[in-house]
Amino acid sequence: MSAPAHRPAGIVTRSIASGVDIAVVLAIMAGLYLCLAFARLLFSPQNFAWPDTGAVMSTGIFIVVSVLYLTGCWAVSGRTVGAVMMGLRVVSRDGELVGWPRALLRAVFCVMFAIGLFWVAVDSRRHSLQDIVLRTTVVYDWQPESRPAT
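A quick note: this is a predicted structure, and the numbers were derived from the prediction, not measured.

J.: Which residues make up the packing of helix α1 (residues 11-43) against helix α2 (residues 55-76), and what are the values?
T.: Between α1 and α2, whose axes approach to 10 Å, the crossing angle comes to 120°. By the criterion of interaxial angle, the relationship of α1 to α2 is oblique. With respect to the hand of their crossing, α1 and α2 are arranged in right-handed fashion. Within the contact between the two elements, α1 uses D21, V24, V25, L26, I28, M29 and L32 and α2 uses S58, I61, F62, V65, S66 and Y69. Grouping the amino acids of the contact of α1 with α2 by side-chain chemistry returns 10 nonpolar, two polar and one charged.

Structure (structure tokens):
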């Protein structure tokens, strides 16, 4: 059994962290939209109109930004903004950072099959389907260093 400070995180904590991360991704998207609008204004002030992004384009951008955000955060520190707020870290089963390839696979799996995250509520080890397939886990870890002490 792992130390109490590094026990697997439950569904409530992970859900709150995910909600914060969705808000971060939406803020990034809003920033991108404002940059696009500013560029249009800068290069064509007389004919300025707010950019018209359809549902398909917005969904595609949401998926790409989400995958890039999650991949970068998990590969570099094992934490997203939501994870930092809730004291969580994504690690491999041996307690190490997941690395870029596995972080990318986990991000794609989490974004495209988000319902798999709810398996945490059923699994006795508190693993999502993504954790089971990719041999990762989300643990409580309030330490600021990039790697949890084992």
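J.: If you had to explain the UniProt feature "transmembrane region" (unreviewed entry) in the protein to someone new, which residues and values would you point to?
T.: Per the UniProt annotation, the sites labelled "transmembrane region" (unreviewed entry) are residues 22-43, 55-77 and 103-122. A helix fraction of 50% and a strand fraction of 0% characterise residues 103-122, whose end C-alpha atoms lie 24 Å from each other.

Reading the values: the criteria
Residues numbered from 1 in each chain as written. Predicted model: local features only at pLDDT ≥ 70, side-chain atom pairs only at ≥ 80, totals over all residues. Heavy atoms only, no water. Axes fitted to C-alpha atoms, helices over the stretch in contact; angles between N-to-C directions. Helix = DSSP H or I, 4+ residues; strand = E, 2+ residues; numbered from the N terminus. Parallel < 35°, antiparallel > 145°, perpendicular 65-115°, else oblique. Left-handed = near helix turned anticlockwise from the far one by under 90°. Contact = heavy atoms within 4.5 Å. Nonpolar A, V, L, I, M, F, W, Y, C, P; charged D, E, K, R; others polar. UniProt positions renumbered as here; feature names shortened; annotations may be inferred.

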